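# Fold and geometry: a report
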Amino acid sequence: MKFEGYIELPRGGRLNILDYLTLRDRTLFVAGESSGAVFKVDLDPSHPATGTVSEMPGGGGTHGVALLPEPNAAFVTRSEENTVDVFDPKSLQQLGRIPVAEDADAILYDAPTNLIYVAHGDAKLATLIDPDKRATVGTISLAGKPEFPALDLKTGLLYQNLEDISSVAAIDLGKRSVVGQWPLAPCEGPTGMAIDSEQRRLFAVCSGNAMLVVLDLDTHRVITSLKIGGGPDSVALDQALHRIYSAGKAGQLTVIEQDGPDSYRVVDEIHTHYGAHTLAVDPVSHRVYVGYASLFARPRIAVFTPTL
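A brief look at the structure comes next. (Residues numbered from 1 in each chain as written. Predicted model: local features only at pLDDT ≥ 70, side-chain atom pairs only at ≥ 80, totals over all residues. Heavy atoms only, no water.)

### Considering the sheet that holds strand 21 (residues 211-216)
Taking strand neighbours across the sheet as the criterion, the 4 strands line up as 19-20-21-22 in an open arrangement whose pairing is antiparallel. The open sheet terminates on both sides in strands that have one partner only, identified here as strand 19 (190-196) and strand 22 (221-227). Going from strand to strand, the sheet's axes swing by 20° on average, the running direction of each strand aside. (Pairing = 2+ DSSP bridges. Helix = DSSP H or I, 4+ residues; strand = E, 2+ residues; numbered from the N terminus. Axes fitted to C-alpha atoms, helices over the stretch in contact; angles between N-to-C directions.)

Put into structure tokens, the structure is as follows:
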């Protein structure tokens, strides 16, 4: 991996902690967990570590951003205020506020059902939001604390990591119910997740024992595991390059090559920064963006380009 440089973000206080990164086309949204801000970075394709940064302030505990196909509204979770805020992704003006259960964390949009899905860790449930009405339309009880969800484009099911019981649940959003649940052993404390729908594989990183496990989506059995950097919190798949990236709080970016559905190997381990635990991958440029926390300095996004 070639290090391209940093995109600096505004500082919100002494300690600046970033959470989920959401990328669409040439725009990167970054959740400022400690400050409550949402940062929008308009990326420059000609200069990898250059971007125009704008900021939407807000309450603390900002975690994730969900974008709709039409760029007229976006949604952001705020766990300290128990809300999902609606905002204009172009102007960053707030458009509304939706009250939800405690500890609103990960969030995504499911196009087939036209629903916003919100995971609530401490509440052990998920909230469903109608993005047109901008209102909650249901909740789904879960057997454990949900962390990151991901969609299987082949079956339409949503898979949800359950961190405290080291399992994964399958959810049918159309039926608004859990339709299956399986253990992820030897994984302890699954957090980030990515899905390869074509190869029928699910990748979960495990914060409790610094591991990535690979689950067969058809048999629902773990087929292999690999040791990765400590405190992993996010994982992303570059489908075209057959590469999997994981970032963890210990400050390591792990690069894994997918040689086949059942064959994986670590090809690079990059020291980043303590607390750099979230990332996003651009499927077009193949660049990897890693969020860096900071103390007495500006938070940053590190930019890497794979060398093939």
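Here the narrative resumes, following the displayed structure.
### A word on the side chain of D282
Tracing the backbone through its elements, the reader meets D282 in the loop between strand 27 (278-281) and strand 28 (288-292). There is no salt bridge for the buried D282, and the closest opposite charge comes from R287, which lies 5.7 Å off by N-O distance. Beyond its immediate stretch of four places on either side in the chain, D282 contacts L23, D25, D238, R287 and Y289. (Buried < 20%, exposed > 50% of the residue type's maximum accessible area, 1.4 Å probe, protein only. Lys, Arg positive; Asp, Glu negative; His and termini not counted. Salt bridge = Lys/Arg side-chain N within 4 Å of Asp/Glu carboxyl O. Contact = heavy atoms within 4.5 Å.)

### Details of the state of the cysteines
Within this structure, the stated rule accounts for 1 disulfide. Across the disulfide, C187 is cross-linked to C206 (sulfur-sulfur distance 2.2 Å). In this structure, the disulfide formed by C187 and C206 twists by about -120° around the S-S bond and is classed as left-handed. With C187 in the loop between strand 18 (177-183) and strand 19 and C206 in strand 20 (residues 201-206), the pair connects residues that are 19 residues apart, well separated along the chain. Take C187: its relative accessible area is 3%, and that puts it in the buried class. Assessed through its relative accessible area of 0%, C206 is described here as buried. (Disulfide = S-S within 2.5 Å.)

### A look at unusual backbone geometry
Glycine aside, the phi torsion of most residues is negative, and most peptide linkages are trans. At the junction of A185 and P186, the peptide bond is cis and its omega measures out at 15° in the coordinates. With respect to the helices and strands, P186 occurs in the loop between strand 18 and strand 19. Residue R134 is not a glycine yet carries a positive backbone phi of 55°. Within the secondary structure layout, R134 lies in the loop between strand 13 (125-130) and strand 14 (135-141). Classification of R134 as partly exposed rests on a relative accessible area of 34%. For A210, which is not a glycine, the phi torsion comes out positive at approximately 50°.

### Looking at a nonpolar patch on the surface
Side chains of L15, L295 and F296 sit close together on the surface and give an oily, nonpolar patch of about 330 Å² of accessible area. For F296, the position within the fold is in the loop between strand 29 (294-295) and strand 30 (300-305). Residue classification places F296 among the exposed positions, given a relative accessible area of 54%. (Patch = residues over 30% accessible without salt bridge, like charges linked within 9 Å, V, L, I, M, F, W, Y side chains within 5 Å. Areas by Shrake-Rupley, 256 points an atom, 1.4 Å probe, with all protein chains shown as cover.)

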